[in-house]
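# An overview of the molecular structure
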Amino acid sequence: MKRLRYVRLSAGRRAAIWGVFLLAAVMGLLCVAVLHMKPILTNLAAASVSNTVNRIVVTAVYDAVSAGEVDYDDLVHLEKDQSGHVAAVRSDMAAFNRLQSRIADSILQRLSEVSTRELEIPVGTLTGSSLLAGRGPCIRIRMQAVGSTTAKLRNAFTAAGINQTKHQILLDVTVQMSILLPGFRTSTQVSNEITVAETIIIGSVPDTYTYFSTTPEEAEQYAEDYIMNNG
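Conventions adopted
Residues numbered from 1 in each chain as written. Predicted model: local features only at pLDDT ≥ 70, side-chain atom pairs only at ≥ 80, totals over all residues. Heavy atoms only, no water. Helix = DSSP H or I, 4+ residues; strand = E, 2+ residues; numbered from the N terminus. Buried < 20%, exposed > 50% of the residue type's maximum accessible area, 1.4 Å probe, protein only. Contact = heavy atoms within 4.5 Å. Areas by Shrake-Rupley, 256 points an atom, 1.4 Å probe, with all protein chains shown as cover. Core = buried A, V, L, I, M, F, W, Y, C linked by side-chain atoms within 4.5 Å. Pairing = 2+ DSSP bridges. pLDDT = per-residue confidence, 0-100. Axes fitted to C-alpha atoms, helices over the stretch in contact; angles between N-to-C directions. 1 Å grid on protein atoms, 1.4 Å probe; cavity = no way out; pocket = protein on both sides within 12 Å on 5 of 7 lines; lining within 4 Å. Points joined across faces, edges and corners; volume = space filled by probe spheres on them.

Quick look at the overall build of the protein now. Summing up its helical and strand segments, the protein has five helices and six strands in all. Each of the 231 residues in the protein was classed as buried or not, and the buried ones make up 27%. At a minimum sequence separation of 6, the contacts of the protein that also span at least 24 residues come to 58%. Surface accessibility of the protein: about 16000 Å² in total, with carbon and sulfur atoms responsible for 56%.

If you want it as structure tokens, here you go:
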């Protein structure tokens, strides 16, 4: 039966083994930290980019309105009948397309100017604990956002009173952003609906106006009064 032999390691070898164990432990902790930080970084980056995009879209539309590029009379033409009442609303699609293109180009240009920025995240926030959120020194993480945008004008008609219709020209802006963060990427979509012009179209006022309630008890009484008054 062979005897077991114990090998005595030198101090240098023991230090090297301990160094390997410590390095493996540190790498494991870093991997866990990265996995834990990823959803937090994703949410913070998406919120930061969304706020920036919203400001850019509103500013671009405001500048277009201030520069006189948005004029209701240039975008639509009201066709009237012989009595002077509005018979049809005709959109100038060429003017629509020009305005959509100018606003989309303005948004893309402004996005390119702020595509690269830094996130400052407190260390306590990265722990995921509500008690430590916002506490501790900040870590700066550089991110880059690349986006594409679509701008589309559309008409909307809503009742504004007796024989009155509110006509609005709405601008739907959708910005798709791809966010590049250290080690991974994410994306977010920001949508805005902005009223760029509106008017009230007034028609002829009827001689009588009858209101019928949708409540069964009241509807019967309204119908009886209408028959008694109109024969």
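This paragraph deals with the environment of Gln 144. Mapped onto the elements, Gln 144 comes out in strand β4 (residues 138-161). On the basis of relative accessibility, which here comes to 36%, the residue Gln 144 falls in the partly exposed class. C-alpha of Gln 144 to C-alpha of Thr 116: the two residues are 28 residues apart in sequence and 4.4 Å apart in space. Sequence-distant contacts of Gln 144, that is, excluding residues within four places in its chain, are made with Ser 115, Thr 116, Ser 178, Ile 179 and Leu 180.

A separate point is the nonpolar core. If you look at the biggest cluster of nonpolar residues, it comprises 39 residues, and the most contacted ones within it are Val 53, Leu 75, Ile 107, Ile 169, Leu 171, Val 175 and Leu 181. Looking at this core, the elements with two or more residues in it are α1 (11-66), α2 (72-75), α3 (93-113), β3 (116-122), β4, β5 (164-181) and β6 (184-202). Per-element tally for this core: the top contributor is α1, with nine residues.

On to the pairing of strand β2 (residues 86-91). As paired strands, strand β1 (residues 76-80) and β2 are joined by five bridges and run antiparallel to one another. Paired with Glu 79 across the bridge in β2 is Ala 88. Linking β1 back to β2 in an antiparallel pair, the connection comprises five residues, with Gly 84 at a positive phi of about 90°.

Model confidence for the protein is summarised by a mean pLDDT of 76, while 74% of its residues fall at 70 or above. Mean pLDDT across the secondary structure elements of the protein bottoms out at helix α5 (residues 216-230), with 54, and peaks at α3, with 88. Within the model, pLDDT remains below 50 along residues 209-213, and this stretch shows nine contacts once partners closer than five positions in the same chain are excluded.

For the rest of this paragraph, the subject is the sheet that holds β6. Reading across the sheet, the four strands line up as β3-β4-β5-β6 and stay open at both edges, with antiparallel pairing between neighbours. Looking at strand neighbours, the two that pair on one side only are β3 and β6, the edges of this open sheet. The sheet shows a mean angle of 35° between the axes of neighbouring strands, direction not considered. Taken strand by strand, α3 contacts β4 and β5, and its axis lies near 160° from that of β4.

Right, let's talk about empty space enclosed by the protein for a bit. Any empty space left between atoms is shown by rolling a water-sized probe over those atoms. All told, the structure shown has one cavity of 30 Å³ or more when counted by the stated rule. Taken as a whole, the largest cavity spans an internal volume of roughly 70 Å³. As for the largest cavity, its lining consists of Val 49, Thr 52, Val 53, Leu 111, Val 114, Ser 115, Arg 117, Ala 145 and Met 177. The biggest single contributor to the lining of the largest cavity is α1, with three residues.

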